[in-house]
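Geometric and topological summary
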Amino acid sequence: MAERTPWSLSGALRGMFTKPTIDANTWEDLEDALLKADFGPDVTDSVVTDLRAKVDRFKTTDPKDLQRMLRETMEERLSRLDTTLHLSERPAVVLVVGVNGVGKTTTIGKFAKFLATYGRTVVIGAADTFRAAAVEQVATWAERAGAAIVRPQHEGQDPASVAFQTIEYAKLHGTEIVVIDTAGRLQTKGGLMDELGKIRRVIEKQAPVAEVLLVLDATTGQNGLAQAEAFIQHAGVTGLVLTKLDGSAKAGFVLAVQEKTGIPIKLIGQGEGINDLTGFTPHVFAQNLVG
């Protein structure tokens, strides 16, 4: 991630940290930079209050000390949740959920490629059977990633039965990881959550669900989080995937979303290419964020 810093705060903060001393303008500039990066007012206020206390405690007036403290604060807060992907089961089953339009299908392809680079075998279950285009899209991404695909056997097939067949395929072929695409929208939220519950129950008759990953579009920030609240409440989400972080100036959303939901970020997408998905490392992210 070191070369990908279009979303870094360092540009906005550079002038602040090269000043001779910490003054009232320093705190105003810091607050403005955090708000513009979509940390949100609550997290911004909390971070600034924390840093003011540290500056007072250590009796420093050196902006370089403030920069280091900001970096350490970011890393500490980002590290409060376990960002590890738990995929030790065989097969390890991952449900991918999220509203339509967040990049869910492309994320699945990138995730399959990400797993393949670590030598894992992957099969994708095209269980978003309510949109014919979704099946074709995920099949295209599966091919790019070198992953197997289990398609519906007929139009409008029950999504849970596609998930069932995907687990069967994994067991038959010894495939290590199963990634299940799911619908992002039905006529009612309740109907969608019922459908996800059914998929989960069918899967768990064959294998435990290792992860439920919720895909969020970082460019929509807090609005995107509001759209996804039903998934968080009802789908048993274990991890977040943030897409479209490249050039979005929404880096603060990374911290804000973890603190608001209590769910760890596990993957970050930073581009359109199939290799543009990485695991989330708080230390590296904080380093790039602050500079």
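Residues numbered from 1 in each chain as written. Predicted model: local features only at pLDDT ≥ 70, side-chain atom pairs only at ≥ 80, totals over all residues. Heavy atoms only, no water.

1. Section: the environment of Pro20
For clarity, the threshold we go by: To qualify as a helix, a DSSP run of H or I must reach at least 4 residues; to qualify as a strand, a run of E must reach at least 2; elements of each kind are numbered from the N terminus. When checking whether two residues touch, look at their non-hydrogen atoms; a contact exists if any pair is within 4.5 Å.
Assignment of secondary structure puts Pro20 in the loop between helix H1 (10–17) and helix H2 (24–36). Taking the C-alpha atoms as reference, Pro20 lies 24 Å from Thr44; in sequence the two are 24 residues apart. Setting aside anything within four residues of it in sequence, one finds Pro20 in contact with Thr61 and Pro63.

2. What to know about the packing of aromatic side chains
Any two aromatic rings considered together are summarised by their centre-to-centre distance and by the angle between their planes. For clarity, the threshold we go by: What counts as a ring pair is set by centres within 6.5 Å for rings of Phe, Tyr and Trp (its six-membered ring), and what kind of pair is set by the plane angle: stacked under 30 degrees, edge-to-face over 60, tilted for all other angles. Remark: a charge is flagged as sitting over a ring if the NZ atom of Lys or the CZ atom of Arg is within 6 Å of the ring centre and within 35 degrees of the ring normal.
Enumeration according to the criterion identifies three aromatic pairs in this entry. Taken together, the aromatic side chains of Phe111, Phe114 and Tyr118 make up a single cluster linked through ring pairs. Over the ring of Trp141 we find Arg144; its NZ or CZ atom is 4.5 Å from the centre of that ring.

3. Topic: the domain arrangement of the protein chain
Just so we agree on the cut-off: Start and end positions for the domains come from either an automated domain assignment or a database one. A 1.4 Å probe defines the accessible area here, and the buried area is the portion of it lost by two parts on being joined, summed over both. Every case where a carboxyl oxygen of Asp or Glu lies within 4 Å of a side-chain nitrogen of Lys or Arg is listed as a salt bridge. Nitrogen and oxygen atoms within 3.5 Å of one another constitute a polar contact, given that in protein one can donate a hydrogen and the other can accept it, and given that sequence-neighbouring residues count only through two side-chain atoms. The nonpolar class holds Ala, Val, Leu, Ile, Met, Phe, Trp, Tyr, Cys and Pro. Asp, Glu, Lys and Arg form the charged class, and all remaining residues, Gly among them, are polar.
One can read the domain layout of the protein chain as domain 1 (13–79) and domain 2 (92–290). Relative placement of domain 1 and domain 2: their C-alpha centres are 34 Å apart. The interface is formed by 16 residues belonging to domain 1 together with 20 residues belonging to domain 2. Of the roughly 1500 Å² buried between domain 1 and domain 2 on both sides combined, carbon and sulfur atoms contribute 63%. Its largest share of buried area at the contact with domain 2, domain 1 owes to Asp38, Arg71 and Leu78, together 45% of the area lost on that side. The tally of links between domain 1 and domain 2 comes to one salt bridge. A salt bridge links Glu259 to Arg77, with the nearest nitrogen and oxygen atoms 2.9 Å apart. For the pair domain 1 and domain 2, the number of links is five residue pairs in polar contact (both at pLDDT 80 or more). Elements with a minimum of two residues in the side of domain 1 that touches domain 2: helix H3 (41–58) and helix H4 (63–78). Counting residues per element, the side of domain 1 that touches domain 2 draws most heavily on H4, which supplies seven residues. For the side of domain 1 that touches domain 2, the residue count by class is eight nonpolar, three polar and five charged.

4. Some details on the sheet that holds strand S6 (residues 239–243)
So the rule is basically this: Strand pairing follows a simple DSSP-based rule, namely that at least 2 bridges must link the two strands. Whenever a helix is involved, its axis is fitted only over the stretch in contact; in every case the axis is a line through C-alpha atoms, and angles between N-to-C directions fall within 0 to 180 degrees.
Spatially, eight strands are ordered S3-S2-S4-S1-S5-S6-S7-S8 in an open sheet, and the strand pairing comes out mixed. Only two strands of the sheet have a single neighbouring strand rather than two, namely strand S3 (148–150) and strand S8 (277–279). This sheet shows a mean twist of 25° between the axes of neighbouring strands, independent of strand direction. Bridge count between strand S2 (residues 122–126) and strand S4 (residues 177–181): five bridges; the pairing is parallel. The residue bridging Val123 from the neighbouring strand is Val178, located in S4. Along the sheet, helix H11 (residues 252–261) contacts strand S5 (209–217), S6 and strand S7 (265–269); its crossing angle with S6, the most-contacted strand, is approximately 155°.

5. A short note on the pairing of S2
Selection rule: Burial classes: relative accessible area under 20% of the type maximum marks a residue as buried, over 50% as exposed, and values in between as partly exposed (1.4 Å probe, protein chains only). Crossover handedness is defined here as right-handed if the route from the first strand over the helix to the second strand goes clockwise, with the strands pointing away from the viewer.
With respect to burial, S2 is a largely interior element, five of its five residues being buried. Burial of S2 is two-sided: the residues Val122, Ile124 and Ala126 facing one way and the residues Val123 and Gly125 facing the other way are all buried. Sheet topology places S2 next to S3; three bridges connect them, and they run parallel. In the strand pairing of S3, Gly125 is matched with Val150. For the handedness criterion, the β-α-β arrangement of S2, helix H6 (residues 132–145) and S3 is classed as right-handed.

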